[in-house]
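Spelled out from the first residue to the last, the chains are:
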Amino acid sequence: MSLPSIKLSDGHEIPQVGLGLWQVKDAAAFNAAFKAAIDAGYRHFDSAQFYDNEDLLGAAVQQMGLNREELFITSKVKLPNFGEKRTASSVDESLAKLQTSYIDLMLLHFPVTVLRRKSWRALEDAKTAGKIRSIGVSNYTIKHLEEMKTYAREMPVVNQVELHVFLQQPELLEYCREHGIVVEAYSPLAHGKRMQDEVITAMAEQHGKSYAQIMLRWAIENSLVVLPKSITPERIQQNIDIFDFELYPEELQEITKLNCNLRTCWDPNHVP
Ligand SMILES: NC(=O)c1ccc[n+]([C@@H]2O[C@H](COP(=O)([O-])OP(=O)(O)OC[C@H]3O[C@@H](n4cnc5c(N)ncnc54)[C@H](OP(=O)(O)O)[C@@H]3O)[C@@H](O)[C@H]2O)c1
């Protein structure tokens, strides 16, 4: 199965589904999840310095003898590595751990006050040096993106934010669409915290799909990249098996009403 991808504004392509790797630190669980994902057709993996598993990802890619060019690997600069020099050296550390000569997508994990400018400069330089193919941000609000216009040599091609049927962020989505920034939906299953909504359950029954598949399909219909995390092989398979059905317009309208600003992770709205 060839997975749909989205073209980034810098010309690179990003597969629309990636395996989330937060809280997957145990080597055996990691390797089993990675193998299940490869078997299911995933080629996009969402890691981060903070997740402490870049080395596991690098080793798993080597062990399975995968063609690097077929993979899309994301990492993120963790908060203690903000600042121009620290960010620059942390990119080199990530490359070493991932056992690769380039990272497909490197993100600033969070809009760290003041230091985010210097870190962005470091990512721009690392991209120029060929260490990173695409650069982006995570947890940035419209305010943080607008500010970037004042200092960025190039704007981010991706903004990775918490986004799911219970946290739809329509203004941010519209802003990113207008500015050619692809939005990646993290915690697309709301971190597994709301898996019994009646409306979603009824749609799942109607389509003969699972509850999680309805949540993920909603994000796909909104042209988002989704990053579901699972260490369970059947769920890993299920979470990518979302391209053989569509939600009806009236179902999409019904889902719009489920937006209730449920945040399961951090809220960057008050970061100056
Ligand atoms: N940039 C950021 O600041 C940031 C923040 C948070 C997350 N992220 C990224 O987004 C990824 C996903 O977010 P997340 O880990 O918070 O949560 P998520 O993907 O929304 O949900 C994961 C939870 O749902 C369960 N699950 C997965 N597939 C399922 C299915 N088909 N049916 C029922 N339950 C299912 C998982 O359990 P099992 O694993 O036990 O199967 C796990 O408990 C992260 O791994 C990370 O890559 C980024």
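What you see is a predicted model, and the numbers here were worked out from it, not measured in a lab.

With respect to the overall build of the protein
When helices and strands are counted, the protein shows 10 helices and 10 strands. Expected size for 272 residues packed as a compact globule is a radius of gyration near 19 Å; at 18 Å, the protein falls within 12% of this value. Taking all 272 residues of the protein together, 44% fall into the buried category. The long-range share in the protein, meaning contacts at least 24 apart out of those at least 6 apart in sequence, stands at 76%.

Examining the pairing of strand β9 (residues 182–186)
Of all five residues in β9, five are buried; the element is thus mostly enclosed. Of the two faces of β9, the one lined by Val182, Glu184 and Tyr186 and the one lined by Val183 and Ala185 are each fully buried. Examined bridge by bridge, strand β8 (residues 158–162) and β9 share five bridges and lie parallel to one another. Residue pairing for β9: Asn159 is matched across the bridge by Val183. The handedness of the β8 to β9 crossover, carried by helix α6 (residues 170–178), is right-handed. Across two bridges, the pairing between β9 and strand β10 (residues 225–226) is parallel. Within β10, the position partnered with Glu184 by the bridge is Val225.

Thoughts on the packing of helix α2 (residues 54–63) against helix α3 (residues 84–98)
Two elements in contact, α2 and α3, have axes separated by 7 Å at closest approach and are oriented at 40°. In this view, α2 runs oblique relative to α3, as classed from their interaxial angle. For the pair α2 and α3, contact is made by Glu54, Asp55, Leu57 and Gly58 and by Ser94, Lys97 and Leu98, respectively.

Things to note about the site of the ligand
The ligand sits among 28 residues. The nearest are Gly20, Trp22, Gly192, Ala212 and Lys229. Residue contributions to the shell around the ligand peak at three residues, all from helix α9 (residues 233–240). Class assignment for the residues of the shell around the ligand results in 12 nonpolar, 13 polar and three charged.

Side note on the environment of Lys127
Along the chain, Lys127 turns up in helix α4 (residues 115–128). Once the C-alpha coordinates of Lys127 and Asp104 are considered, the two residues, 23 residues apart in sequence, prove to be 9.9 Å apart. Once residues within four sequence positions are removed from consideration, Lys127 is found in contact with Ile132 and Ile135.

Here's the deal with unusual backbone geometry
Within the chain, Asp52 stands out as a residue other than glycine whose phi angle is a positive 60°. Residue placement: Asp52 occurs in the loop between β4 (44–46) and α2. In the Ramachandran plot, Ser223 falls in the positive-phi region, its phi being about 60° despite a non-glycine side chain. Tracing the backbone shows Ser223 in the loop between α8 (211–221) and β10. Residue Ser223 is classed as exposed on the basis of its 12 C-beta neighbours within 10 Å.

Brief notes about the nonpolar core
Counting 72 residues, the largest nonpolar core has Met106, Ala185 and Val226 as the members making the most contacts within it. Ranked by the residues each element gives to this core, the list is headed by α8, at seven residues. The residues contacting Ala185, other than those within four sequence positions of it, are Leu163, His164, Ala219, Leu224, Val225, Val226 and Leu227.

Looking at the environment of Pro268
Structurally, Pro268 is set in the segment after α10 (249–256). Overall, Pro268 belongs to the partly exposed group, with 17 C-beta atoms counted inside 10 Å. Note: C-alpha distance between Pro268 and Phe82 (186 residues apart in sequence) is 16 Å.

Quick notes on the sheet that holds β10
With parallel pairing, eight strands are arranged side by side in an open sheet as β3-β4-β5-β6-β7-β8-β9-β10. Looking at strand neighbours, the two that pair on one side only are β3 (19–20) and β10, the edges of this open sheet. The pairing of β4 with strand β5 (residues 72–77) spans three bridges and is parallel. The residue bridging Phe45 from the neighbouring strand is Ile73, located in β5. Docked against the sheet, α4 engages β5, β6 (103–108) and β7 (132–138), running at close to 160° with respect to β7.

How each quantity is defined
Residues numbered from 1 in each chain as written. Predicted model: local features only at pLDDT ≥ 70, side-chain atom pairs only at ≥ 80, totals over all residues. Helix = DSSP H or I, 4+ residues; strand = E, 2+ residues; numbered from the N terminus. Rg over C-alpha atoms; globule rule 2.2 N^0.38 Å. Buried ≥ 20, exposed ≤ 12 C-beta atoms within 10 Å, placed from the backbone. Contact = placed C-beta atoms within 7 Å. Pairing = 2+ DSSP bridges. Right-handed = clockwise from strand over helix to strand, strands pointing away. Axes fitted to C-alpha atoms, helices over the stretch in contact; angles between N-to-C directions. Parallel < 35°, antiparallel > 145°, perpendicular 65-115°, else oblique. Near = placed C-beta within 6 Å. Nonpolar A, V, L, I, M, F, W, Y, C, P; charged D, E, K, R; others polar. Core = buried A, V, L, I, M, F, W, Y, C linked by C-beta atoms within 7 Å.

Without other data, these values stay purely geometric and don't point to any function.
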